Amino acid sequence: MAIAYPRLIGTQKSATETGMILSPSSPSRSPRILTQDELKKIAAYKAVEYVESDMVIGLGTGSTAKHAVDRIGELLRQGKLKNIVGIPTSKVTYDQAKSLGIPLSDLDSHPVLDLAIDGADEVDPYLNLVKGRGGSLLREKMVEGACKKFVVIVDESKLVNNLGGSGLAMPVEVVPFCCKFTAQRLQMLFEEAGCVAKLRNCENGEPFVTDNMNYIVELFFKREIGDLKVASDAILRLPGVVEHGMFLDMATTLIIAGECGVIVKDKEDSGSHRR
């Protein structure tokens, strides 16, 4: 069940106003319950409304961001958007955007982006995020850290009271050298939070390899990890760690799609960084 968000008031539109859902033709028919993927698509299409011609855009990775990339490609084909340059956050997104005819570049050529759109695995009430369960956290953080506006798109199942609160993995990208040693040190770092660290493996039992030829250590927490910035700094100080999946104070706008409609929440309304 989604956690109620008293802070996430924002701007709300009914699902039918988005043009994504059709009202039932007969009053006697019960409204259809939307799937999670349909909710993701609603949030993604709403986020693309922020895209304007002549923008440099960070293109996110994952099942939600995929819908946004598809929509940008569609608007380009229709001529409703022009002169867009996309900066992909993964090889998968690069291939998708290229197949859609979206012009692509990189941070070397465009060190400042107008906008980035991406999904998230967890969002707390202060718009801090867990991202990167798909393994693209390093490139995502590089691209989204270089943008003027970062729009995060989620369905309401991704809302948590605190990062790590879903009980699912918080990813940390590490170098392959002595990765088990690094995993052990990460687990010890958050011993008080009941942390369990596991190396992510593929179905064949081999370690999952990121686009940067690194590995992923997944951290699972039983209790809150405390001050997020302190935790971030502690992780990054460990030799062997490349980057972690906490995106702190980066999101500027959050778009949440739920069965009751769409909520748009801007950073300035969310309060101070969670302590």
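Analysis parameters
- Residues numbered from 1 in each chain as written.
- Predicted model: local features only at pLDDT ≥ 70, side-chain atom pairs only at ≥ 80, totals over all residues.
- Heavy atoms only, no water.
- pLDDT = per-residue confidence, 0-100.
- Contact = heavy atoms within 4.5 Å.
- Phe/Tyr/Trp six-rings, centres within 6.5 Å; stacked < 30°, edge-to-face > 60°.
- Helix = DSSP H or I, 4+ residues; strand = E, 2+ residues; numbered from the N terminus.
- Buried < 20%, exposed > 50% of the residue type's maximum accessible area, 1.4 Å probe, protein only.
- Lys NZ or Arg CZ within 6 Å of the ring centre and 35° of its normal.
- Pairing = 2+ DSSP bridges.
- Axes fitted to C-alpha atoms, helices over the stretch in contact; angles between N-to-C directions.
- Core = buried A, V, L, I, M, F, W, Y, C linked by side-chain atoms within 4.5 Å.

1. Considerations on the confidence of the model for the protein chain
Working step 1: Overall, the predicted model of the protein chain reaches an average pLDDT of 89, with 86% of residues at or above 70.
Working step 2: The model gives residues 1–26 a pLDDT under 50, and that stretch makes 46 contacts with residues more than four places away or in other chains.
Working step 3: Here residues 271–275 is modelled with pLDDT under 50, and outside its nearest four sequence neighbours on either side it reaches 15 contacts, counting other chains as well.

2. Observations regarding the packing of aromatic side chains
Working step 1: Within the structure shown, the criterion is met by one aromatic pair.
Working step 2: Taking the centre distance of 5.5 Å and the plane angle of 85 degrees together, the rings of Phe190 and Phe221 count as edge-to-face. Placement of the pair is Phe190 in the loop between helix 5 (179–189) and strand 9 (196–199) and Phe221 in the loop between strand 10 (215–220) and helix 6 (228–237), with a sequence separation of 31 residues.
Working step 3: The class of Phe221 is buried, set by a relative accessible area of 7%.
Working step 4: The cationic tip of Lys141 hangs over the ring face of Phe247; the distance from NZ or CZ to the ring centre is 4.8 Å.
Working step 5: Above the face of the Phe220 ring, Lys198 is positioned so that its terminal group lies 5.5 Å from the ring centre.

3. Brief notes about the pairing of strand 14 (residues 261–266)
Working step 1: In terms of burial, strand 14 is largely enclosed, as five of its six residues are buried.
Working step 2: Note that strand 13 (residues 253–258) and strand 14 share six bridges and pair antiparallel. Residue pairing for strand 14: Ala257 is matched across the bridge by Val262.
Working step 3: Hairpin connection, strand 13 to strand 14: the antiparallel pair is bridged by two residues.

4. As for the sheet that holds strand 10
Working step 1: The strand order 9-10-8-11 describes an open sheet built from four strands, whose pairing is antiparallel. Every other strand in the sheet has two partners, leaving strand 9 and strand 11 (241–244) as the edge strands with one partner each. Taken over all neighbouring pairs, the strand axes of this sheet differ in orientation by 30 degrees on average, direction set aside.
Working step 2: Examined bridge by bridge, strand 8 (residues 170–174) and strand 11 share three bridges and lie antiparallel to one another. Looking across to strand 11, one finds that Glu173 is bridged to Glu243.
Working step 3: Packing against the sheet, helix 4 (residues 137–144) makes contact with strand 8, strand 10 and strand 11, and its axis sits at approximately 65 degrees to strand 11.
Working step 4: Sheet contacts for helix 5: strand 8, strand 9, strand 10 and strand 11; angle to strand 10, the most-contacted strand, approximately 25 degrees.

5. Remarks on the nonpolar core
Working step 1: Of all hydrophobic cores here, the largest spans 29 residues; its most connected members are Val51, Ile72, Ile102, Ile117, Ile153 and Ile255.
Working step 2: Breaking this core down by element, the ones donating at least two residues are helix 1 (36–48), strand 2 (56–59), helix 2 (63–77), strand 4 (115–119), strand 7 (150–155), strand 13 and strand 14.
Working step 3: When residues of this core are assigned to their parent elements, the largest contribution, six residues, is made by helix 1.
Working step 4: In this structure, Val51 is in contact with Ile57, Ile72, Leu81, Ile84, Leu115 and Ile117, ignoring residues within four places of it in sequence.
Working step 5: Core analysis: the next-biggest nonpolar cluster, separate from the first, contains 24 residues, Met170, Ile225, Leu228 and Ala231 among them.

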